[in-house]
Amino acid sequence: MNTLVLLGLAALLYAGSALLYIWFVATRRLVLGQWADYPLMAGWALQSLALLMRWTEASRPPVTNIFEFIAFYTWLLVLVFLVVERAFSQRVLGAFVMPLTVLLIGVAVFLPKDIGPLRPILESPWLPIHAGFSLVAYAFFTMSFVASIVFLLQESQLKGRRRRRVYDLLPPLETTEGLAYRMVELGFPFLVLTIVTGAFWSQTAWGAYWSWEPKQTASLITVLVYAVYFHARVAAGWRGRRGAWLMVAGFGAVLITFLGVALLSPGLHDFAV
Amino acid sequence: MHIVVVGLNHKVAPVEVRERLSIGQADLPEALAGLQKHVREGVILSTCNRTEIYGLSSHPGTGARSLRAFFGEHRDLPLSEFDLFLYSHHELEAVRHLFRVAAGLDSMIVGEPQILGQVRQAYEAAETGGCTGPVLSTLFRQAITAGKRVQTETDISRHAASVSYAAVELARKIFGDLKTRTALIVGAGEMAELALQTLVDNGVGRVMVANRTQQRAVDLAAQFNGQATDLSRLDSVLPQADIVISSTAASGYVLTVPMLRAAMRARGHRPLFLIDIAVPRDIDPEVQRQENVFLYNVDDLEAVCQANLQERAKEAKKAEAIIEAEAAKFQAWWSSLEVVPTITALRAWAEEIRKAELSKAMSRLHGLSERDQNTINALTIGIVNKMLHTPIVGLKNDGHRYIEAVRELFRLDEGQR
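Source: prediction; values computed, not measured. (Residues numbered from 1 in each chain as written. Chains lettered and ligands numbered in written order. Predicted model: local features only at pLDDT ≥ 70, side-chain atom pairs only at ≥ 80, totals over all residues. Heavy atoms only, no water.)

## Quick look at the packing of aromatic side chains
Heads up, the condition is: Ring pairs are drawn from Phe, Tyr and Trp, using the six-membered ring of Trp, whenever the two centres fall within 6.5 Å, and their geometry is named by plane angle: stacked under 30 degrees, edge-to-face over 60, tilted for the rest. Each helix corresponds to a stretch of at least 4 residues labelled H or I by DSSP, and each strand to a stretch of at least 2 residues labelled E; elements are numbered beginning at the N terminus. For every residue, the accessible area (1.4 Å probe, protein chains only) is compared with the maximum for its type, and the residue is labelled buried under 20%, exposed over 50%, or partly exposed between those bounds.
In the structure shown here, the tally under the stated rule is 23 aromatic pairs over all chains. On the basis of an interplanar angle of 15 degrees and a centroid distance of 5.6 Å, the ring pair of Phe69 of chain A and Phe258 of chain A is categorised as stacked. One end of the pair, Phe69 of chain A, is in helix H4 (residues 66–88); the other, Phe258 of chain A, is in helix H9 (residues 241–264), with 189 residues separating them in the sequence. The same class applies to Phe69 of chain A as to Phe258 of chain A, namely buried. With a centroid separation of 6.1 Å and an interplanar angle of 10 degrees, the aromatic rings of Tyr123 of chain B and Phe140 of chain B are classed as stacked. Of this pair, Tyr123 of chain B sits in helix H6 (residues 114–128) while Phe140 of chain B sits in helix H7 (residues 134–153); the two residues are 17 residues apart in sequence, bridging distant segments of the chain. With respect to burial, Tyr123 of chain B and Phe140 of chain B carry one shared label: buried. Among the aromatic residues, ring-to-ring pairing joins Tyr181, Phe188, Tyr229 and Phe230 of chain A into one connected group.

## A short note on H6 of chain B
All names here are of chain B. Under the convention used in this document: Helix span, as expected, comes to 1.5 Å for every residue beyond the first. Taken from the helix axis, the directions to the C-beta atoms give the arc we talk about. Pairs of residues are marked as contacts when any of their non-hydrogen atoms sit within 4.5 Å.
With 15 residues, H6 should reach 21 Å at 1.5 Å per residue; the first-to-last C-alpha distance of 21 Å fits that figure. Of all the positions in H6, only Ile115, Leu116, Val119, Ala122, Tyr123 and Ala126 are classed as buried. Angular distribution of buried residues about the axis of H6 spans 120 degrees; they occupy a single face of the element. The outward face of H6, more than 90 degrees from its buried face, is lined by the exposed residues Gln114 and Thr128. In the core, the buried residues of H6 are packed alongside helix H2 (28–35), strand S2 (41–46), strand S3 (50–57), helix H5 (91–103) and H7. Remark: Gly130 follows H6 within two positions and exhibits a positive phi of approximately 70 degrees.

## Focus on the pairing of S3 of chain B
Residues and elements named next belong to chain B. Filter applied, for reference: Paired strands are those between which DSSP finds at least two bridges.
Burial analysis of S3 places eight of its eight residues in the buried class, which makes it a mostly covered element. Across the two faces of S3 the burial is the same, with Arg50, Glu52, Tyr54 and Leu56 and Thr51, Ile53, Gly55 and Ser57 all buried. Pairing between strand S1 (residues 2–9) and S3: eight bridges, direction antiparallel. Bridging across to S3, Val4 finds its partner in Gly55. By the bridge criterion, six bridges tie S2 to S3 in an arrangement that is antiparallel. Each residue of the ladder has a partner; that of Ile44, found in S3, is Ile53. Where S2 folds back onto S3 in an antiparallel hairpin, the turn is made up of three residues.

The following block contains the structure:
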C-alpha cells in the first residue's frame with residue numbers, strides 16, 4: 001500500500017463520484033446527487049491517508065514538488081467542496097469540481113514524484129507555512145471560480161430568456177454569487193498571508209523581502225485582481241456578470257501564478273536542486 | 001359485472017353544456033342516491049372541466065344506456081339535447097380512462113395535480129353515500145395510486161404551465177427563497193394581480209402597491225396586507241422592491257432607464273426582476289442592458305410556459321407507461337374475481353351431467369362387480385376432467401377474454417346454483 005496506489009484509488013473513487021454528479025445533472029434525479037457523496041468521502045479518506053503516508057515517508061510535509069502540491073491542493077479542494085455542499089446545499093457544483101479534481105490528480109500522477117533531497121534553502125519551517133497558506137487560498141479561489149462559472153451560465157440563461165432543461169438544476173443566482181463572494185472573502189487573507197510569509201522567508205534566506213521574482217510578481221497581480229473585485233463589488237455594485245468575470249480573471253491569475261510561472265520561468269520557486 | 005363510464009369533458013363539450021350537466025358538491029348526496037337505482041356501484045366525478053359517472057352494472061349495454069338516462073333524469077333534461085356530447089367507455093378502456101384522468105393526462109393543462117384530489121373526493125363522497133362496493137373501491141384506490149405514481153415518478157407537474165407560476169419559477173431562480181423579498185405592483189389588472197397573488201402564495205414576504213389613484217392603491221394593498229403608495233413616489237419605493245409587476249394603462253414608459261439606473265444604484269445592484277404585463281409596455285426594454293436587471297414581458301413568460309408544456313408532453317409518455325402497468329394490475333385482479341366462480345360453476349355443471357348420466361347407465365347395467373363399477377365411474381370422471389382441462393386453463397390464464405363467452409355458452413348464470 002504505497003502513496004501512489006492510495007492516490008490512484010482515491011482518484012478512481014472521485015471519478016465515480018464525478019460520474020454520479022454528472023448523471024445527476026443530466027437526469028435531475030436527486031438520489032444520484034446524494035449517492036455521489038459516498039465515493040467522494042471514501043476517496044477523500046484514502047487521499048488523507050496517502051498524504052499522511054507521504055509525509056511520514058519523506059519526514060516532511062508534502063509540499064516540496066508539483067506532484068505533492070497538486071495532491072495536497074486537490075485534497076483541500078475536495079474538503080472545501082464538502083463543506084460548501086453541506087452549508088449551501090448545492091450538489092450541482094460537484095459536477096464541476098469533481099471532474100476537475102480527477103483531471104488534476106490524473107496530471108499529477110505523471111509528474112516526478114521522487115522524494116529527493118531539497119535545496120538546502122527550502123529546508124525551512126517557512127516551507128509548510130508558506131506553501132500551506134497558498135494551497136488553502138488556491139482551493140478557495142478554485143471554488144469561487146466554479147461558482148462564478150455556474151453563475152454566468154444561469155445569468156446568461158435568465159437574461160437571454162433561453163430555456164434549456166439543464167439550467168433548472170442550477171442554484172439561484174443570489175446563492176451562487178453569494179457563495180463565490182464568500183470563497184473569495186475566505187481565500188484572500190490566505191493569499192495575503194502567503195505573500196507576507198514568503199517575504200519574511202525571503203528575507204531570512206536571501207536577505208531581501210522582495211525581488212520581483214516571477215512568482216512573487218504573479219501573486220501580487222492576483223492579489224490586485226481580487227482587491228479590485230472587492231472594491232468593485234462594494235463601491236460600484238459589481239454583483240452580477242462583471243463581478244463574476246472578475247472572479248474568473250482572478251482565478252486565471254491564480255493559474256498563471258501556480259502553473260505558468262513554475263513551468264515557464266524558473267526562479268526562486270524552482271524546486272529542482 | 002361490467003365497469004362502464006359515461007361522461008363529458010372539456011375536449012368534447014363546450015362550457016355551456018358542461019355547466020348544465022355538472023353536479024355540484026351540494027347536489028352530490030342526492031345524485032348518488034339516485035344513481036344507485038341504475039347501477040350496483042357508482043361514483044360521480046364532477047369538476048369544472050368534466051362530469052363523469054363510473055358504474056358497475058350487470059349488463060354491458062344497458063349499463064351505459066342507463067347512465068346516460070341518469071344524466072338526463074338528474075338534470076331534468078331530455079337526453080337528446082346532450083347525448084352527442086357524452087362519451088362512454090367499457091371494461092379495460094374505462095379503467096384506463098379513469099387512471100389517465102387521475103394522473104392529469106386528460107386535463108386541459110396536462111399534468112395538473114388538482115384532479116387527483118378531486119378524484120379522491122369523488123370516491124370518498126360515493127363511499128359516504130353508500131354507493132360504492134368492492135369493485136369500484138378497488139378501482140378508485142388503484143386509480144389514486146396510479147395518479148400518485150405519475151406525480152412522483154415523472155416530471156409531469158414539475159414546471160410552471162401558467163404565466164403566474166412561470167413568474168414564481170423565475171423569481172426563485174433569481175432569488176432562491178422568496179421569504180425576504182418584496183414585490184411591488186405598479187398599476188392594477190387581473191393578470192398582474194393574479195401574478196402577485198401567486199407570488200405571495202409562494203412565500204413573498206412584503207407587498208407594495210403603487211397606483212395613479214390613491215383609493216385603488218389602498219384597496220389593492222389591503223387585499224395583500226401591503227403598503228400603498230402614490231405613483232409619484234415610485235422613484236423612492238423602487239429600490240426596495242426585488243420583484244416589480246407593472247400593469248398600467250399609460251401609453252408611455254412608466255419605468256425608464258434613468259429611473260432603473262438610480263434604483264439599482266440605491267439597492268447596491270442586487271438583482272431585480274421586472275415583469276411587464278402592460279400593452280403598450282410600461283418598462284423600457286433597454287433596461288435589460290443593466291447588470292442584474294431581468295426583464296420579462298408576457299410573451300416571454302408565455303414562451304417559458306410553452307417550453308414547459310413541451311416537457312410535460314414528453315413526460316406524458318412516461319406517464320402512459322405507468323398507467324398501462326397499473327391498469328394491467330387492476331385487470332389481473334378483476335379477472336381473478338370472476339374466474340374462480342366461473343370455473344366452479346363450470347365444474348359443477350359438468351359434474352351434474354356426469355352424475356346424472358352415470359346413474360342412468362348404472363341402472364341399466366346389471367351384474368357388475370364393484371371393481372367394474374369403479375372403473376366406469378373413473379371413466380366418466382376422466383372424460384369430464386380431460387374435456388374441461390384446456391378450457392379451465394384458458395380461463396385461468398386469460399380470464400377476461402373468455403368469462404363472458406363461457407358464462408353465456410354454458411348458461412352458467414341461469415338457475416343460481
